[in-house]
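Chain by chain, the residues:
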Amino acid sequence: MLAKRIIPCMDIKNGRVVKGVQFENLRDAGDPVSLAKEYNRQGADEVSFLDIMASVESRDTVLELVKTVSKELFIPFAVGGGIRTVDDARAILQAGAEKVSIGSAAVINSSLIDEAVQQFGAQAIVLSIDAKKNPTMDSGYELYINGGREATGLDALDFAKKTAAGELLLNAIDADGTKTGYDIAGTKLFSEALTIPVIASGGAGSPEDILAVLTEGKADAALAASIFHYGKYTIADVKAYLRKNDVEVRQ
Amino acid sequence: MITVIETGNVGSVVRAFEALGVQCTVTRDPTVVQNAERLVLPGVGIFGDLMEQIAPLKEALIEFITAGRPFLGICVGLQVLFEESDESPGVAGLCICKGNVRKFTKGKVPQIGWNTLTTKDVHLDNKSYVYFVNSYYVEPKEDITVATTDYNGEFVSAIRKDNVFAVQFHPEKSGGVGLRILERWLEC
């Protein structure tokens, strides 16, 4: 049976991990490559890098990072942030990333994902959306862009249903950063309505939260940042907890 | 020395072999393909697109395989060994194996993630997790299946026919388990 995936996410700024990570065995907590290797050792199923600067200047740094990671890590990894054109996506995929996630640019340029899928296949493209509760929308969720700051007036679920991407990264921005748990009802709504896998993001604070989003929330994968960064729980801890609760995870 | 057929993004396959200390030649030259010691056909994307890309190599590929040297097919590189695919109706595959390629009809499509192998094959570990990304799977019409996997029903995840070994999953993205599979293939 297909295992549920646990995906640690690292926010990158100028080639460094932004949030300080406290692992005793890591000499340089800000080095994304060391951290990615540590997560791999702990049993991460994938790794996700988010370039939060996403400026033209930071692009070369990110490409270097992708090249280094791909030489050292033989599990899938995704890169997001600032991918605005098919050429941006190509550069990151050629540097060795398995997938690129495209967010705001997919809303601004409605053909970007279609073109990227045609060139690289749906498996290489993740649609990343910020969804915020809004009862005036049919689905109850409005699509936001630019890091969740700007409302689009579009129904988030409706937008996701039309995508050609191979996967959806659903960031519930009401829950993001709260560590009070994922938006379970919202994740379930998206996961049941879509035919592509859904990665839940935003709000993870404990192994119980991850269990809830993978079971009640019907997510195919759970992405989390700070729960792992601060060393409170390792990925192995979370997987052991999930296994104990009869969730299929990779050993 | 390993020869890898250039098909889209071959980088991760090359890097995995390099991590095992083996150099790769990446090529689309029919002469190089035909004279390779060991040949790898990776493949991501669409059946018809891959057939179009390797069309100039078709004869060289078939000659290489007929000569009996080790061949490894990965993902769509497995699927094109068959006769045809639901993904690209009317496009003939390499017809090295009898059977067709079907689309998953249950569950989320594509299947993305880690799933287990049920196998007795010497190159694979029974119950080990490997990484899959696929919407289609092969349905052999001859006895060549060496591993199956459950995705809302059993499908064929690896085949072996004489010197041809081909897998639906991505050994180059399957961590230590995947690297061991590649290492064993290098030893055969």
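This is a predicted model, so every value here is computed, not measured.

Engineer: Whenever I open this one, the overall build of chain A confuses me. Can you help?
Structural biologist: Looking only at helices and strands, one finds 10 helices and 11 strands in chain A. Taken against the 2.2 N^0.38 rule, which gives 18 Å for 251 residues, the C-alpha radius of gyration of chain A at 17 Å falls within 12% of a compact globule. Each principal axis of the C-alpha distribution contributes one length, and for chain A these read about 50 × 40 × 35 Å. Every one of the 251 residues in chain A was classed for burial, and the buried ones make up 53%. Partitioning the intrachain contacts of chain A with sequence separation of at least 6 by distance along the chain shows that 63% fall at a separation of at least 24.

Engineer: I tried to follow helix α10 (residues 235-244) of chain A on my own but got confused; where do I start?
Structural biologist: Quick reminder: α-helices carry 3.6 residues per turn. Residues three or four places apart thus point the same way. All names here are of chain A. Within α10 the residues assigned to the buried category are I235, V238, K239 and L242. Taken around the axis of α10, the buried residues stretch over an arc of 95°, which confines them to a single face. Where the residues of α10 are buried, they touch β1 (5-13), α1 (32-42), α8 (207-215) and α9 (226-229). Directly beyond the C-terminal end of α10, a positive phi value near 65° is found at D246.

Engineer: Quick question: what am I supposed to make of the nonpolar core here?
Structural biologist: Nonpolar side chains tend toward joint burial in soluble globular proteins. Counting 148 residues, the largest nonpolar core has V100(A), I125(A), L168(A), L170(A), I199(A) and A222(A) as its most contacted members. Setting aside residues up to four positions removed in sequence, A222(A) forms contacts with I6(A), I7(A), A200(A), A204(A), I210(A), V213(A) and L214(A).

Engineer: How do you make sense of the environment of S88(B) when you look at a structure like this?
Structural biologist: Residue and element names in this part refer to chain B. Among the structural elements, S88 can be located in the loop between β5 (84-85) and β6 (99-103). Expressed as a C-alpha distance, the spacing of S88 and P171, which sit 83 residues apart in the sequence, is 25 Å. For S88, the contacting residues outside a window of four places in its chain are I46, F47 and G48.

Engineer: I tried to follow the interface of chain B and chain A on my own but got confused; where do I start?
Structural biologist: Taken together, the contact pairs 27 residues of chain B with 25 residues of chain A. Of all the secondary-structure elements, those providing two or more residues to the side of chain B that touches chain A are α1 (11-19), β7 (111-116), β9 (129-134) and α6 (175-187) of chain B. Class assignment for the residues of the side of chain B that touches chain A results in 13 nonpolar, 9 polar and 5 charged.

Engineer: Is there a simple way to think about the packing of helix α3 (residues 86-95) of chain A against helix α5 (residues 112-120) of chain A in this case?
Structural biologist: The geometry of a pair of packed helices is captured by two quantities: the angle between their axes and the separation between those axes. Residues and elements named next belong to chain A. Contact geometry for α3 and α5: axes closest at 10 Å, N-to-C directions at 40°. For the element pair α3 / α5, the angle class is oblique. Viewed along their axes, α3 and α5 form a crossing whose handedness is right-handed. Packed against α3, whose contacting residues are V86, A89 and L93, the element α5 presents E115, A116, Q119 and F120 at the interface. Partitioning the contact of α3 with α5 into residue classes produces 5 nonpolar, 1 polar and 1 charged.

Engineer: Looking at this structure, how should I read the environment of F74(A)?
Structural biologist: Residue position: F74(A) is located in the loop between α2 (56-72) and β4 (77-80). Along the chain, F74(A) and K37(A) lie 37 residues apart, while their C-alpha atoms are 9.8 Å from each other. In this structure, F74(A) is in contact with A16(B), A19(B), E172(B), K173(B), G175(B), G178(B) and L179(B), ignoring residues within four places of it in sequence.

Engineer: Got a minute to help me understand α3(A) in this structure?
Structural biologist: Residues and elements named next belong to chain A. When α3 is considered as a whole, its buried residues turn out to be A89, I92 and L93. Taken down its axis, α3 places every buried residue within 100° of arc, on the same side. Backbone geometry just after α3 places G96 at a positive phi near 125°.

Engineer: How do you make sense of the packing of α8(A) against α10(A) when you look at a structure like this?
Structural biologist: All names here are of chain A. Running from amino to carboxyl end, α8 crosses α10 at an angle of 50°, the nearest separation of the two axes being 9 Å. Overall, the two elements α8 and α10 adopt an arrangement that is oblique. For the crossing formed where α8 meets α10, the hand is right-handed. Across from P207, I210 and L211 in α8, the residues of α10 making contact are D237, V238, Y241 and L242. Grouping the constituent residues of the contact of α8 with α10 by class yields 6 nonpolar, no polar and 1 charged.

Engineer: Honestly, the environment of G11(B) in this entry has me stumped. Any pointers?
Structural biologist: Tracing the backbone shows G11(B) in helix α1. Sequence-wise, G11(B) and E172(B) are 161 residues apart; in three dimensions their C-alpha atoms are separated by 9.8 Å. G11(B) has contacts with S70(A), Q94(A) and G96(A), leaving out every residue within four places of it along the chain.

Engineer: I tried to follow the confidence of the model for chain B on my own but got confused; where do I start?
Structural biologist: Close inspection of predicted coordinates is inappropriate for parts of the model with low pLDDT. Confidence along chain B averages 95 in pLDDT terms, with 100% of residues attaining 70 or more. For this predicted complex, the interface score ipTM comes out at 0.91, alongside a pTM of 0.94.

Engineer: Looking at this structure, I do not really get unusual backbone geometry. What am I missing?
Structural biologist: For residues besides glycine, phi is generally negative; the peptide bonds are generally trans as well. Residues and elements named next belong to chain B. Note the cis peptide between V109 and P110, where omega equals 0°. Here P110 lies in the loop between β6 and β7. The backbone of C75 shows a phi angle near 60°, a positive value even though the residue is not glycine. Examined against the element boundaries, C75 turns out to sit in the loop between β4 (71-74) and α5 (76-79). Located in the positive-phi region is K127, a residue other than glycine, with phi close to 70°. For K127, the location among the structural elements is in the loop between β8 (118-119) and β9. K127 sits in the exposed class, given 9 other C-beta atoms within 10 Å.

The rules we used
- Residues numbered from 1 in each chain as written.
- Chains lettered and ligands numbered in written order.
- Predicted model: local features only at pLDDT ≥ 70, side-chain atom pairs only at ≥ 80, totals over all residues.
- Helix = DSSP H or I, 4+ residues; strand = E, 2+ residues; numbered from the N terminus.
- Rg over C-alpha atoms; globule rule 2.2 N^0.38 Å.
- Buried ≥ 20, exposed ≤ 12 C-beta atoms within 10 Å, placed from the backbone.
- Contact = placed C-beta atoms within 7 Å.
- Arc of directions from axis to C-beta.
- Core = buried A, V, L, I, M, F, W, Y, C linked by C-beta atoms within 7 Å.
- Nonpolar A, V, L, I, M, F, W, Y, C, P; charged D, E, K, R; others polar.
- Axes fitted to C-alpha atoms, helices over the stretch in contact; angles between N-to-C directions.
- Parallel < 35°, antiparallel > 145°, perpendicular 65-115°, else oblique.
- Left-handed = near helix turned anticlockwise from the far one by under 90°.
- pLDDT = per-residue confidence, 0-100.

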